[in-house]
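Listed below, chain by chain, are the residues.
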Amino acid sequence: MDINAKSQSSLSSKLNHPDQVAIQEDVGNSSSIIVGSTPPGCLMTSDNIHGSDGDDTDDVVDDDYYNDDDDDDYNDLYDDNDYDNMLDNNSDDENIKKNKQEGSHDDDYLNIQFQFDNADLPPGVEVSISDPDIINTEASAARRRTIPANVQKQLSVVQKYLTFKRFDSVDNFSDHRYLGMLHEIKPILNWTKKIHDEWNILKNNLPDTIYVRVCEERMDLLRAVIIGPTGTPYHDGLFVFDVHFPSNYPSVPPNVMYHSGGLRINPNLYKSGKVCLSLLNTWEGRSNEKWLPNKSTILQVLVSIQALILNAQPFFNEPGYDRRYLGEEGARKSKEYNEDTLILSLKTMIYTLRTPPQHFEDFVSGHYRVWGRVILIACTAYMEGAVVGSDVKGNFKDLGKVKTSQLQGFKRNVATMLNMLVESFTRNGSTDCEEFCLAD
């Protein structure tokens, strides 16, 4: 269908995901010890620690502690003869040496404890040890608390997601939709240069919500994952597109196929994977909306898919609907289409989790680990009557004893998907989803 492609050059700046996730680069640092229970997103290192200044000594040590009167008490404990007798006994001397060795371990532990005591930290914040070798001593090792394996795995998954590059190259694509399309002739120099130019444009200009992988061995192949924009029925979803650059590119546009999972979530995205877009010459459009060999780029294609196809009112992507359905009727039909599309988008989430695209496995798993709860909160809001795509402020409203069987229409469909999502997110490693389950 025809999509208005105006302002394509300014779309990238409007697509940034509004929510931000704090990234802590040294999650799981083996030279750190965690004080208390650390909440997600609250890991801190020595950069966040405010040590005590020199004046603190006056607060810790009482001036009367070193009073001269205390010398008499010490002299009463030992006289000179007692001390000489201790040194004359060889076995006692060995015990003293042994005690000194054991005491050194205790000193190491006390040194660690001293660092904790002098770190002005709120509960649950990580403090770094100034001397990592200290934690290798026998005494301190016995006192260390190791991070459970399941927690380490969770930290690893989230860290990989947060550090996932928007653009990168891979060795190969074994599941690419265009894998069987080989070049009829050996790529010429101009074609290779154009593809490298496209890569540089992507590397330097991709918005925060589009991720791309290219392949050195098959420069004609590219894969992109687009995050559904907020304010749309596609919010927080992941949508996968495979791209093929023909041997006569850029004289002709690239071939693009969508990973549909058998679902048609948009008038422009077919079950077969076909992407209908004027810029790809797969739909009619004005001359300035179609592919221009000396001007158009793959970045424009990806941004157009995100902004013009995955939009807030996809109902009107159908040809002529914007003129046929006006006023209240158009608003009602658009609302109903958005509700149906949301259900399909939620199904796509489950499909993508079960069969993540190659080279995006860590990204898919981490994305739904981080945003899973946000998605579930939105679903509960929709069951309460919120408009699909509206800002639900991240507040979870307990639905109490509501049962799926008590709901009708769209709300019942959301409730059914809610339970399926909880199961999928939990299988993916989320531990904060059970409260969203509804009884049948």
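This text follows the structure it describes.
Here the structure is a predicted model, which means the values were calculated and not measured.

Cut-offs used in this document
- Residues numbered from 1 in each chain as written.
- Predicted model: local features only at pLDDT ≥ 70, side-chain atom pairs only at ≥ 80, totals over all residues.
- Heavy atoms only, no water.
- Core = buried A, V, L, I, M, F, W, Y, C linked by side-chain atoms within 4.5 Å.
- Buried < 20%, exposed > 50% of the residue type's maximum accessible area, 1.4 Å probe, protein only.
- Helix = DSSP H or I, 4+ residues; strand = E, 2+ residues; numbered from the N terminus.
- Contact = heavy atoms within 4.5 Å.
- Pairing = 2+ DSSP bridges.
- Axes fitted to C-alpha atoms, helices over the stretch in contact; angles between N-to-C directions.
- Salt bridge = Lys/Arg side-chain N within 4 Å of Asp/Glu carboxyl O.

Novice: Quick question: what am I supposed to make of the nonpolar core here?
Specialist: Ranked by size, the top nonpolar core spans 40 residues in total, and within it Leu346, Phe363, Tyr368, Leu376, Leu421 and Phe425 carry the most contacts. If you list the elements that add at least two residues to this core, you get helix H6 (149-162), strand S5 (221-227), strand S6 (238-244), helix H10 (327-354), helix H11 (361-383) and helix H12 (409-427). Beyond its immediate chain neighbours, meaning those up to four positions away, leucine 421 contacts Leu346, Met349, Ile350, Ile375, Leu376 and Cys379. If you look at the next biggest cluster of nonpolar residues, it comprises 37 residues, including Trp199, Phe241, Phe245 and Leu310.

Novice: Honestly, the sheet that holds strand S4 (residues 210-215) in this entry has me stumped. Any pointers?
Specialist: Hydrogen bonds along the backbone pair up the strands of a sheet, which may run parallel or antiparallel. As summarised here, the arrangement of the 5 strands in space is S3-S4-S5-S6-S7, forming an open sheet in which the pairing is mixed. Whereas interior strands pair on both sides, the edge strands pair on one side only; in this sheet they are strand S3 (167-170) and strand S7 (255-258). Pairwise comparison of adjacent strand axes, ignoring direction, gives a mean angle of 20° for this sheet. Of the pairings in the sheet, the one linking S6 to S7 comprises 4 bridges and is antiparallel in character. Across the sheet, phenylalanine 241 pairs through a bridge with tyrosine 258, a residue of S7. Seen against the sheet, H11 touches S4, S5 and S6 and runs at an angle of roughly 160° to S6.

Novice: Would you mind showing me how to read the pattern of salt bridges here?
Specialist: When the charged atoms of two side chains lie near each other, side chains of opposite charge can form a pair. Enumeration over the complete set of coordinates arrives at 12 salt bridges. Across the pair arginine 286 and glutamate 289 runs a salt bridge, and its minimum N-O distance is 2.6 Å. Glutamate 289 gets classed as buried once you look at its relative accessible area, which sits at 3%. A salt bridge links glutamate 339 to lysine 335, with the nearest nitrogen and oxygen atoms 2.7 Å apart. With a gap of 4 residues between them, glutamate 339 and lysine 335 both fall in helix H10, about one helical turn apart. Owing to a relative accessible area of 45%, lysine 335 belongs among the partly exposed residues under this scheme. Residues joined in a network through salt bridges with shared partners are Asp175, Arg223 and Asp242.

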